[in-house]
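# Coordinate inspection notes
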Amino acid sequence: MFSLIAILLAATSLGSTPQDRPDWREVDDDPDFHVALDISSISGPPTARTARSVGVSTEPEGFPGYMVLDVVFDCEARTISASGAAFFAPDGTLIEAVDGLTDTAPVSEAEGTLVAANAVCDGQMPSGPSFGSAQAYAQSIRPPAGS
């Protein structure tokens, strides 16, 4: 899980295609950090397949909003990296967007990246509910204060 968090925190840019209807599905539910993938955003060749993901901390002292990442999978090498990230407040207000490729890490069940890689590379649909936005997914994990 540490590698995924390192990728999430070191990542940067928000690549979104407005004409696609988002279909956010949970791909990791570590007790401290949850991750969903926008199935509709998957594109590109097997050596550089891209998708959007959202990460939400469940730690009370953790980041209260959510981050959306542009992740890159090399399906042949079974590796993951990120090319950008955007950080949002719980109400959906953009706090910061950054660009830059992170270090590449191997896909691993222990690091919480296997289900995402299986979805992106092999077309295995993650089970569970679908969310229409990253914010809706984030609020299902960590409801805004006062709700």
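See above for the structure.
Please read all numbers here as calculations on a predicted model, not as lab measurements. (Residues numbered from 1 in each chain as written. Predicted model: local features only at pLDDT ≥ 70, side-chain atom pairs only at ≥ 80, totals over all residues. Heavy atoms only, no water.)

Glancing now at the environment of Ser57. Summarising the element assignment, Ser57 is placed in strand β3 (residues 49-57). Sequence spacing of Ser57 and Arg142 is 85 residues, and the spatial spacing of their C-alpha atoms is 7.8 Å. When neighbours within four sequence positions are excluded, Ser57 is seen to be in contact with Asp32, Phe33, Gly62, Phe63 and Arg142. A distance of 3.2 Å separates a polar side-chain atom of Ser57 from the backbone nitrogen of Glu59. (Helix = DSSP H or I, 4+ residues; strand = E, 2+ residues; numbered from the N terminus. Contact = heavy atoms within 4.5 Å. Polar contact = N/O pair within 3.5 Å; in protein donor to acceptor, adjacent residues only side chain to side chain.)

Most of β3 sits inside the fold, with eight of its nine residues counted as buried. Here strand β2 (residues 33-43) runs beside β3; their pairing, made up of seven bridges, is antiparallel. For Ala36, the partnering residue across the bridge sits in β3 and is Val54. Between the end of β2 and the start of β3, which pair antiparallel, lie five residues, with Gly44 showing a positive phi angle near 100°. Across seven bridges, β3 lies against strand β4 (residues 66-74) in antiparallel orientation. Its bridge partner being in β4, Arg49 is matched across the sheet by Phe73. (Buried < 20%, exposed > 50% of the residue type's maximum accessible area, 1.4 Å probe, protein only. Pairing = 2+ DSSP bridges.)

A word on helix α2 (residues 114-122). Those residues of α2 lying buried are Ala116, Ala117, Asn118, Ala119, Val120 and Cys121. Summarising the contacts, the buried residues of α2 are in contact with β1 (24-30), β2, β3 and β4.

Further remarks concern unusual backbone geometry. You will see that Arg78, though not glycine, has its phi angle at about 55°, which is positive. Structurally, the position occupied by Arg78 is in the loop between β4 and β5 (79-88).

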